[in-house]
Amino acid sequence: MSVLRSRPALRWLVPTAAAVAVIGGGAAAGTLVANADPALPERSAAQLLVDLQSADPKGLSGTVVQSSDLGLPGIAGLLGNATGGGGNLTSLIAGSNTARVWYAGEEKMRFSLLGTSNQTDVIRNGTDVWVWESKENTGTHFKLPAGAGERETAPHAVPSTPQAAAEAALAVIDDSTKVETTGAAEVAGRDAYELVLSPRDTDSLVGQVRLAIDAKERIPLRVDVYAKNTTKPAFRVAFEQINFAVPDDQQFAFNPPPGAKITEESVPEDAVKEDAKAAAEAEKAAREAATQGDNFKIVGEGWTTIAITKGPKLDELNALPKAADGTKDPDAAEAAKMAEGFLGTLTPVSGAWGSGKLLSGSLFSVLLTDDGRIIAGAVTPEALYKAAA
């Protein structure tokens, strides 16, 4: 059970989903004492974990920056060309995203993802929830039943806030992780303790996950994920600026601009009541189905979890560009071009398990086998080959 689940307010800020899971595993709540700055009282690793669980700020606002460099320049370049020079998916592989957040309790929250030519807003104000896209001047207005609390959300692949990233890193508490404290840090002009999680399994590509925890408010201000033998984080999500004053009510008021196209939807009361239970059971059900299904299964656990699923055979993928020759459908032609470019960035590999192509990043590996299997995890290629056999 997540140590943050008892404080759902810290879990709301997860409005976006992305492609690659890079944080997993858990932490043994050790008793190492932080070598903190003299201005800060000493805190053990176990105390810092409790701090994360019990944190309950009344309000906050700030700017969050997420940055990535997953060691895939070919893929990043391919996506950049396809999207006309960049986009959120591209920046999740090599680049950054910036967002503004406001929080004034479980019924007043706002998240604004800032793009170069677009802004996406998710706003909750009581029973009203708005999802807004500025570029298209479109939005959806959801009406929640009176008295509805915060709705639990399913796990997301790439965390978009320090709170979400911390939850992912602390999702399972066991002995697969070495836990240390490294003293004090300063993030967004605030004093913080630093908690370090290191996988013990040598098959993991993750070297460390470092959490900077606000010394006063006890929430994570920054989470860094380092690949093995590196000094620069491959993934970071951090507050660039933060204020713990309760935001003004005006921040949660939404008035559609002139000419906006708004879709009205309501959320049934029964759906809200069942949502938390469904979210709590979703991960367990998915794992049980994965271990029993023919088309998808999970091997291992924690930091070295590997997913195996069925997909198209490589010769089928290689045939896509030729099949699209002469097509008058621009979308089909673009898809074929993307497929050809993607396959061109992969490395041919083979072994006792068979043959295929490998996508190898700094924090994860993906193996596409000739017989139509997709094998992926935050592990070394050798671990994938073993799973393939």
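Right above here is the structure, for reference.
About the criteria used
Residues numbered from 1 in each chain as written. Predicted model: local features only at pLDDT ≥ 70, side-chain atom pairs only at ≥ 80, totals over all residues. Heavy atoms only, no water. Core = buried A, V, L, I, M, F, W, Y, C linked by side-chain atoms within 4.5 Å. Buried < 20%, exposed > 50% of the residue type's maximum accessible area, 1.4 Å probe, protein only. Helix = DSSP H or I, 4+ residues; strand = E, 2+ residues; numbered from the N terminus. Pairing = 2+ DSSP bridges. Axes fitted to C-alpha atoms, helices over the stretch in contact; angles between N-to-C directions.

Chemist: Give me the lowdown on the nonpolar core, citing residues and values where you can.
Modeler: Within the largest apolar cluster, 49 residues are counted, with the highest numbers of intra-cluster contacts made by L195, V209, L211, I219, F239 and L363. Top contributing element to this core by residue count: strand β9 (residues 206-214), with five residues. Listed in part, the 12 residues of the second largest apolar core include I306, W353, L358 and Y385.

Chemist: Break down unusual backbone geometry for me, citing the residues and quoting the values.
Modeler: Unusually for a residue other than glycine, N137 sits at a positive phi of about 55 degrees. In this structure, N229 takes a positive phi of about 60 degrees despite not being glycine. In this structure, N229 sits in the loop between β10 (220-227) and β11 (235-243).

Chemist: Now, about the pairing of β11: what can you tell me, with residues and values included?
Modeler: In this sheet, β11 lies alongside strand β1 (residues 60-69) in antiparallel orientation, the contact comprising eight bridges. Looking at β11, one finds that S68 is bridged to F235. Relative to β11, β10 runs antiparallel, the two being bridged by four bridges. Counted as the bridge partner of V223 is V237 from β11.

Chemist: Mind laying out the environment of A335, listing which residues take part and the relevant values?
Modeler: With respect to the secondary-structure elements, A335 resides in helix α7 (residues 330-344). Residues A335 and L320, spaced 15 residues apart in sequence, show a C-alpha to C-alpha distance of 8.7 Å.

Chemist: Any chance you could break down the sheet that holds strand β18 (residues 373-377) for me, citing the residues and the numbers?
Modeler: Sheet architecture is open: six strands sit in the order β13-β14-β18-β17-β16-β15, paired in antiparallel fashion. Each of the sheet's edge strands pairs with one partner strand only, and the pair in question is β13 (296-299) and β15 (347-351). Going across the sheet, the axis of each strand differs from the next one's by a mean of 25 degrees, ignoring polarity. As paired strands, β13 and strand β14 (residues 306-310) are joined by four bridges and run antiparallel to one another. When the sheet's bridge partners are listed, I298 is paired in β14 with A307.

Just geometry here; none of it tells us what the structure is for.
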